[in-house]
Amino acid sequence: MSRLKLRLGDLAAELALPLEGDPDRTVTGVASLEEAGPDDLVFARTSAMNEALAVCPAQAVVAGEDVDVGDRTALRSDDPGRDFFHAAGLLLPDPRPPAGVDSNATVHPEAEVDPSAAIGPHCAVGAGARVGARSVLHPGVVLYDNVEIGDDCVLHARCVVAGGSRVGDRVILQPGVVVGGDGFGYVGGSDGGLQKMPHVGRVRIEDDVEVGAGSTIDRGTLDDTVIGRGTKIDNLVQIAHNVRIGERCVVVSQAGIAGSTQLGNGVVVLAQAGLVGHIEVGDNAFIGPQSGVHKDVSEGARILGSPQRAERRFHREMAALGRLPELFRRVRNLERGDSEDS
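Computed from a prediction, not measured in an experiment: that's the story for all the values here.

Thresholds, definitions, all that
Chains are numbered independently. Their residues run from 1 in the order of the written sequence. Only residues with pLDDT of at least 70 get local features here, since the model is predicted, and only at 80 or more are side-chain atom pairs given and counted; chain-wide, interface and lining totals rely on the full set of residues. Hydrogen atoms and water are omitted, and side-chain values are computed over all heavy atoms in the structure. For this analysis, a ring pair means two rings from Phe, Tyr or Trp (six-membered ring only for Trp) whose centres lie within 6.5 Å, classed as stacked if their planes differ by under 30 degrees, edge-to-face if by over 60, and tilted for the remaining angles. A ring is considered to have a charge above it if a Lys NZ or an Arg CZ atom is located within 6 Å of its centre and within 35 degrees of its normal. In DSSP terms, a helix is any run of H or I states spanning at least four residues, a strand is any run of E spanning at least two, and both are numbered starting from the N terminus. Residues adjacent in sequence count toward polar contacts only when both atoms are side-chain atoms; beyond that, a polar contact is any pair of N or O atoms within 3.5 Å, and within protein one must be able to donate a hydrogen and the other to accept it. Here, residues are in contact when the closest pair of their heavy atoms is within 4.5 Å. A helix is expected to span 1.5 Å multiplied by its residue count minus one. Two joining distances apply to patches: 9 Å for like charges and 5 Å for nonpolar side chains (Val, Leu, Ile, Met, Phe, Trp, Tyr), and every residue must have over 30% relative accessible area and no salt bridge. Reported accessibility uses the Shrake-Rupley method at a 1.4 Å probe radius. Residues are deemed covered only where the shown protein chains occlude them. Salt bridges are counted wherever a side-chain nitrogen of Lys or Arg sits within 4 Å of a carboxyl oxygen of Asp or Glu. Only strands joined by at least two bridges in the DSSP assignment are considered to pair. Partly exposed describes any residue whose relative accessible area lies between the buried limit of under 20% and the exposed limit of over 50%, with all areas from a 1.4 Å probe on protein chains only and scaled to the type maximum.

A. Broad picture of the packing of aromatic side chains. Per the stated rule, a full pass over the model turns up four aromatic pairs. An angle of 75° between the planes, with centres 5.2 Å apart, marks the rings of Phe184 and Tyr186 as edge-to-face. Ring pairing ties together the aromatic residues Phe43, Phe84 and Phe85, which thus form one cluster. For Arg302, the ring lying beneath its charged end belongs to Phe286, and the centroid distance is 4.1 Å.

B. Structural view of the side chain of Ser165. Positionally, Ser165 belongs in the loop between strand 18 (160–161) and strand 19 (166–167). A polar contact of 2.5 Å, which involves the side chain of Ser165, links it to the backbone oxygen of Ala162. If sequence neighbours within four positions are ignored, Ser165 has contacts with Asn146, Val147, Glu148, Val179, Gly180 and Val203.

C. Molecular detail of helix 5 (residues 324–336). Here helix 5 spans 18 Å end to end across 13 residues, near enough to the 18 Å set by a 1.5 Å rise per residue. Immediately beyond the C-terminal end of helix 5, within one or two residues, lies Gly337, with a positive phi of roughly 80°.

D. Just a nonpolar patch on the surface, in detail. Side chains of Met318, Leu321, Leu324, Leu327 and Phe328 sit close together on the surface and give an oily, nonpolar patch of about 440 Å² of accessible area. Contributing elements (two or more residues each) for the nonpolar patch: helix 4 (311–322) and helix 5. For the nonpolar patch, the leading source of residues is helix 5, giving three residues. Tracing the backbone through its elements, the reader meets Leu327 in helix 5.

E. Representation of the sheet that holds strand 14 (residues 136–137). Within the open sheet, the 12 strands sit side by side as 8-11-14-17-20-25-28-31-34-37-39-40. Their pairing is mixed. Two strands close off the open sheet at either side, each with one partner strand: strand 8 (100–101) and strand 40 (309–310).

F. Structural detail: unusual backbone geometry. Of the consecutive residues Ser306 and Pro307, the connecting peptide bond is found in the cis state with omega at 0°. Considering the arrangement of structural elements, one finds Pro307 in the loop between strand 39 (302–304) and strand 40. Its identity is not glycine, yet Arg248 carries a phi of approximately 60°, on the positive side. Within the secondary structure, Arg248 is located in the loop between strand 30 (244–245) and strand 31 (250–251). At Gln254, a position not held by glycine, the phi torsion is positive, near 70°. Mapped onto the elements, Gln254 comes out in the loop between strand 31 and strand 32 (256–257).

G. Region of interest: the sheet that holds strand 10 (residues 112–113). Taken together, nine strands build an open sheet; the order of strands is 10-13-16-19-24-27-30-33-36 and the sheet is parallel. The sheet is open, and its two borders are formed by strand 10 and strand 36 (280–281), each paired with just one other strand. Note that strand 19 and strand 24 (residues 203–205) share two bridges and pair parallel. Bridge assignment links Arg166 to a residue of strand 24, and that residue is Arg204.

H. Quick look at the pattern of salt bridges. Per the counting criterion, the structure on display carries 21 salt bridges. Overlapping salt bridges bring together Asp78, Asp79, Arg82 and Asp83 as one network.

I. Here's a closer look at the pairing of strand 6 (residues 60–63). In strand 6, alternate side chains face the same way, and those of Ala60 and Val62 on one face and Val61 and Ala63 on the other are all buried. Bridge analysis of strand 5 (residues 40–44) against strand 6 gives four bridges, and the strand direction is parallel. The residue of strand 6 that forms the bridge with Ala44 is Ala63. In this structure, strand 6 lies alongside strand 7 (residues 73–76), joined through four bridges in parallel fashion. Among the inter-strand pairings, Val62 is bridged to a residue of strand 7, identified as Leu75.

What follows is the structure in structure tokens.
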């Protein structure tokens, strides 16, 4: 990763943060308080980090309002973590391959690739596919026929986009993502076995979505599978056919969403949660880790457990479960006629 050298005065102006100290001091990287060197930028959220900051050699810090920065140059922030990572993106920009089509890539004559896009080695771009301006396909990416990739997208190594899928602008697909494969859909066959259900829908991924490594999003049977604007999907997530996920949702690793389920806007689904098919989850709902969701979830609800329970009920049940051994002991004593304290 390339490293830049930035004046803190320029960095403060870019981030719209007030600066305390020397605007001409420069930084060349970012690091934790424990690993930083003198030329690194660090961050400290609250005064609880004062002790660690005091022994840190870094001379530049993104700091909360109550942090004692000593004689360091400080960018004051009401959200130091957020602004620090914005600064990291400026200091350590991701390398971008040069525009053009690698000689070892295969692009169908009927495909449309913007001249500013970069198509890496061993990529395959099918007939009627479109790759937008400044988008990057890293090695081994496969776009089936009639797939559309918007502007400023990044598709990492060995992604597969099939089924005429539509991908919006500024979308990131991490390595190994599969978009547009057929869902797990079968009907009973005349011989008593299973007959594959045809899938003629697509996947539509709206702008500013990121999908983590190894995740899969199945195309719809008749209608499209839709991922709303700004949604973030972690690694190893399964999203089945005809699912519709709203805007600004978060779906964390190893979660699974079965077919035709709909999520509203701002929904959070934590790790290893499983949602059955054909249910609706309201806006801003929260589904806790390893939850088994078998019915609709109302707007703003907080769900935990398998089967699902409201958060407060779940915590009450878990507290009661911890008291069971003592209750069993008391019942045994009562059955024997012993005193409860014996």
